[in-house]
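Commentary on secondary and tertiary structure
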Amino acid sequence: MRRREFLKGCASLSACSLLFPSFVFAYSGQPLKRYKRAHLVWEDGRPVKAKEIKPEEEYLFFYPFRATPCLLVNTQQKLKGAKLRLEDGKEYIWKGGIGPGRSIVAFVAICTHQLSYPTRERTLISYHPPGKKSSLLERDRVIQCCAHMSAFDPAKGGKVIEGPAKDPLPAVILSEENGKIYAEAVLGRDLFEEFFDVYRRELRKEYGSSKKAKEEVNRCVTTPLRKYTKEVIRC
Ligand code: FES
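If you're wondering where the values come from, they're calculated on a predicted model, not measured in any experiment. (Residues numbered from 1 in each chain as written. Predicted model: local features only at pLDDT ≥ 70, side-chain atom pairs only at ≥ 80, totals over all residues. Heavy atoms only, no water.)

A short note on the overall build of the chain
Which entries qualify depends on this criterion: Under the DSSP-based scheme used, a helix requires at least four consecutive residues in state H or I and a strand at least two consecutive residues in state E, with every element numbered from the N terminus. C-alpha atoms define the radius of gyration, and 2.2 Å times the number of residues to the power 0.38 defines the globule rule. Burial classification: accessible surface area is computed with a 1.4 Å probe over protein chains only, and a residue below 20% of its type maximum counts as buried, one above 50% as exposed, and the rest as partly exposed. In what follows, residue pairs with any heavy atoms lying within 4.5 Å of each other are defined as contacts. Per-residue and other accessible areas were derived by the Shrake-Rupley procedure at a 1.4 Å probe size, with only the shown protein chains allowed to occlude residues.
Along the chain, the regular secondary structure elements total 7 helices and 15 strands. For 235 residues, the compact-globule formula gives about 18 Å, and the C-alpha radius of gyration of the chain, at 17 Å, lands near that figure. Taking the principal axes of its C-alpha atoms as reference, the chain extends roughly 55 × 40 × 40 Å. By the burial criterion, 50% of the 235 residues in the chain qualify as buried. At a minimum sequence separation of 6, the contacts of the chain that also span at least 24 residues come to 63%. Here the chain displays about 12100 Å² of accessible surface, and carbon together with sulfur accounts for 48% of that area.

Description of the packing of aromatic side chains
Condition: Each aromatic pair joins two rings of Phe, Tyr and Trp (for Trp, the six-membered one) with centres within 6.5 Å, and gets the label stacked for planes under 30 degrees apart, edge-to-face for over 60, and tilted for any other angle.
By the definition in use, this model includes 12 aromatic pairs. Here Tyr35 and Tyr63 contribute two aromatic rings whose centre-to-centre distance is 6.3 Å and whose plane-to-plane angle is 85 degrees, an arrangement assigned as edge-to-face. A residue pair is termed long-range when its members are at least 10 positions apart, and Tyr35 in strand 1 (residues 32–42) and Tyr63 in the loop between strand 2 (58–62) and strand 3 (69–74) qualify at 28 residues. Seen in terms of ring centroids, Phe65 and Phe196 are 5.4 Å apart; in terms of plane orientation they differ by 75 degrees. Their pairing is edge-to-face. Here the residue Phe65 occupies a position in the loop between strand 2 and strand 3, and Phe196 occupies one in helix 4 (residues 192–198), the gap between them amounting to 131 residues. For the pair Phe65 and Phe196, one class covers both residues: buried. Connected via pairs of aromatic rings, a cluster forms that spans Tyr35, Tyr63, Phe65, Tyr117, Phe192, Phe195, Phe196 and Tyr199.

Focus on the sheet that holds strand 12 (residues 171–177)
Stated precisely, the cut-off is as follows: Pairing between two strands requires that DSSP report at least two bridges joining them. Axis angles are defined between N-to-C directions and span 0 to 180 degrees, where every axis is a line fitted to C-alpha atoms and, for a helix, only to the segment in contact.
Here we have 7 strands rolled up into a closed barrel, ordered 1-13-12-6-3-2-14, and mixed in their pairing. Taken pair by pair, the neighbouring strands of this sheet meet at an average axis angle of 35 degrees, ignoring direction. Looking at chain direction, strand 12 and strand 13 (residues 180–187) are connected through 7 bridges and run antiparallel. For Val172, the partnering residue across the bridge sits in strand 13 and is Val186.

Details of the sheet that holds strand 8 (residues 125–128)
Ordered by their spatial adjacency, 4 strands build an open sheet running 8-9-10-11, and the pairing between neighbours is antiparallel. Bordering the open sheet on either side are strand 8 and strand 11 (159–162), each of which pairs with just one other strand. On average, each strand axis in the sheet is tilted by 30 degrees relative to the strand beside it, whichever way the strands run.

Considerations on the environment of Tyr182
Note on placement: Tyr182 falls in strand 13. Expressed as a C-alpha distance, the spacing of Tyr182 and Thr123, which sit 59 residues apart in the sequence, is 25 Å. Not counting residues up to four positions away in its chain, the partners in contact with Tyr182 are Arg37, Ala38, His39, Leu40, Ile173, Leu174, Ser175 and Glu177.

A word on the state of the cysteines
Short version of the rule: A pair of cysteine sulfur atoms is labelled a disulfide when the two atoms are within 2.5 Å.
Counted according to the given criterion, the structure contains 1 disulfide. Disulfide partner of Cys146: Cys235, at an S-S distance of 2.1 Å. Because the torsion about its S-S bond is -95 degrees, the bridge between Cys146 and Cys235 counts as left-handed. Of the two residues, Cys146 sits in the loop between strand 9 (142–145) and strand 10 (150–153) while Cys235 sits in the segment after strand 15 (231–232), which places them 89 residues apart along the sequence. Across the pair, Cys235 and Cys146 agree in class, each one buried. Considering cysteine sulfurs only, Cys70 is the nearest to Cys220, which forms no disulfide, with 7.3 Å between them.

Description of the pattern of salt bridges
Under the convention used in this document: What makes a salt bridge here is a side-chain nitrogen of Lys or Arg within 4 Å of a carboxyl oxygen of Asp or Glu, nothing more.
Counting across every chain of the model gives 18 salt bridges. Linking Glu206 and Arg120 is a salt bridge whose minimum nitrogen-to-oxygen distance equals 3.5 Å. Of the two residues, Glu206 is situated in helix 5 (residues 200–207) and Arg120 in the loop between strand 6 (104–108) and strand 7 (122–123); the sequence distance between them amounts to 86 residues. Classification of Glu206 by relative accessible area gives partly exposed; the value is 41%. Looking at Arg120, the relative accessible area reads 44%, which means it is partly exposed. Among the salt bridges present, the one from Lys230 reaches Glu121, with a minimum N-O distance of 2.9 Å. Placement of Lys230 in the loop between helix 7 (225–228) and strand 15 and of Glu121 in the loop between strand 6 and strand 7 is noted, with a sequence separation of 109 residues between them. Beyond isolated ion pairs, a larger network of salt bridges with shared partners links Arg37, Glu177 and Glu184.

On their own, these measurements won't tell you what the molecule is for.
Structure follows, in structure tokens:
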């Protein structure tokens, strides 16, 4: 059903907005996949507040599935959004994050090159916060994967800065309501099935079964990346 037809069919505008939050219309026609709405909380159960997200830190949470890691960062810049392109030529628009300057952003922490991701032992993918430059790129505020040196720009929707990755990092769409932060959807390349397939054995070992690894979450425990993993490998 087209958006106009749907709106005509709605009993009231408020009923429509309950079913379709504003970000759905904002990303209409984009490669956006909605999942369960999930509330971001700290390990002690308190809601994550935008003002608590420190620019010098990188945080990890799992969304939309129990086993799919995401990075949350505050780039401390005024973000205007970005136009991105997938390897297959499809273009899409990312509109920035939440908080002051829309600078709080989240991305799926699975490299679009060969799916490297943070484990409890180590991570090759991480964020270089303001003041901590990547030695390879001589710049900060970059998400880098040291498996084969791909780099992505979190201020530009996860755009590829340096290959071999071809696709941008998929962006997690965040929203803020009554001071709480929610993960709502994923924008960009859909790589989850491939990820579950490639790491079937490892995920089964960690989560008990593939079914458990693929469970959708409605609550995301958020923790500094350095606390989740023993070794953050930077390059
Ligand atoms: S897996 Fe990340 S650059 Fe190859």
